[in-house]
Amino acid sequence: MNARVEERVAVAAPPDVVWEALTDWEGQADWMVLTTVTVEPGGHRVGERLEAFTRIAGVGFRDPMEVTRWEPPHRVDVTHLGRVVRGVGIFTVDPAPGGAWLAWVEDLDLPWGRFGASGFRVVRPAFQIMLRRSLRRLGRRVEARQVRPLPHG
């Protein structure tokens, strides 16, 4: 069974600036709720491997991923390869008046048939909140970097 969760926020910064912050994988720990990310060397590309580690209420799990689509500065897809999280994560950055739209979609493959779907219904609200909070955090961080002091004189 599959489940889709998505969130979108407006960010008052140019799309390329949003993209740069979004795809700083190891920097995701600064904005992604409860998660740290490590990356293999070699730079951004299709085939790049990364691994998120998420800890909730003292319980943690690994989320190995592979970049399967790389279209800077607009879209990156990752395939989740772990036991806990499987499916595709999609980030998009689109131009908007005064900045950019940043979206995060998770198309998840739920294990265990109806049991997995029932379990996901229980955790879905918390997962949705995590996506929303994470995107808002990233947006605030990017916008804060856009503020520059006025020149003196």
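Residues numbered from 1 in each chain as written. Predicted model: local features only at pLDDT ≥ 70, side-chain atom pairs only at ≥ 80, totals over all residues. Heavy atoms only, no water.

Some words on the overall build of the protein
For step 1, the next point in the chain: When helices and strands are counted, the protein shows two helices and seven strands.
For step 2, the next point in the chain: Ordered by position from the N terminus, the helices and strands of the protein form the series β-α-β-β-β-β-β-β-α.
For step 3, the next point in the chain: Within the protein, the fraction of its 153 residues that count as buried is 40%.
For step 4, the next point in the chain: For the protein, the share of sequence-separated contacts (at least 6 apart) that also reach a separation of at least 24 residues comes to 47%. (Helix = DSSP H or I, 4+ residues; strand = E, 2+ residues; numbered from the N terminus. Buried < 20%, exposed > 50% of the residue type's maximum accessible area, 1.4 Å probe, protein only. Contact = heavy atoms within 4.5 Å.)

Considering the side chain of D77
For step 1, the next point in the chain: Among the structural elements, D77 can be located in strand β5 (residues 75–81).
For step 2, the next point in the chain: Accessibility expressed as a relative area gives 7% for D77, which makes it buried.
For step 3, the next point in the chain: When sequence neighbours within four positions are dropped, the list of residues in contact with D77 reads E66, V67, T68, R69, V88, G89 and I90.

Observations concerning unusual backbone geometry
For step 1, the next point in the chain: Residues P72 and P73 are joined by a peptide bond in cis, for which omega reads -5 degrees.
For step 2, the next point in the chain: With respect to the element layout, P73 can be found in the loop between β4 (59–71) and β5.
For step 3, the next point in the chain: Its identity is not glycine, yet L34 carries a phi of approximately 65 degrees, on the positive side.
For step 4, the next point in the chain: Here L34 is to be found in the loop between α1 (15–22) and β2 (35–39).

A few points about α1
For step 1, the next point in the chain: Among all positions of α1, only P15, V18, W19, A21 and L22 are buried. An end-on view of α1 places all buried positions within 165 degrees of arc, on one side of the element. (Arc of directions from axis to C-beta.)

Details of the sheet that holds β5
For step 1, the next point in the chain: Across the sheet, which stays open at both edges, the seven strands sit in the order β1-β7-β6-β5-β4-β3-β2 with antiparallel pairing between neighbours. Looking at strand neighbours, the two that pair on one side only are β1 (2–11) and β2, the edges of this open sheet. Direction aside, the axes of adjacent strands within the sheet are offset by 20 degrees on average.
For step 2, the next point in the chain: Of the pairings in the sheet, the one linking β4 to β5 comprises six bridges and is antiparallel in character. Bridging from a neighbouring strand, E71 pairs with R75 of β5.
For step 3, the next point in the chain: Across the sheet, α1 touches β1, β4, β5, β6 (86–96) and β7 (99–109), and the angle it forms with β6 is around 155 degrees. (Pairing = 2+ DSSP bridges. Axes fitted to C-alpha atoms, helices over the stretch in contact; angles between N-to-C directions.)

A few points about the environment of A29
For step 1, the next point in the chain: Position of A29 relative to the elements: it lies in the loop between α1 and β2.
For step 2, the next point in the chain: Along the sequence, A29 and S134 sit 105 residues apart, while their C-alpha atoms lie 9.8 Å from each other.
For step 3, the next point in the chain: If near-sequence neighbours (up to four positions away) are discounted, A29 is found in contact with T35 and T36.

Observations regarding the pattern of salt bridges
For step 1, the next point in the chain: What the rule picks out here adds up to eight salt bridges.
For step 2, the next point in the chain: R45 is the partner of E40 in a salt bridge, and the nearest nitrogen-oxygen pair spans 2.9 Å.
For step 3, the next point in the chain: The class of E40 is partly exposed, set by a relative accessible area of 28%.
For step 4, the next point in the chain: In this structure R45 comes out as partly exposed when scored by relative accessible area, which is 31%.
For step 5, the next point in the chain: Linking E71 and R69 is a salt bridge whose minimum nitrogen-to-oxygen distance equals 2.8 Å. (Salt bridge = Lys/Arg side-chain N within 4 Å of Asp/Glu carboxyl O.)

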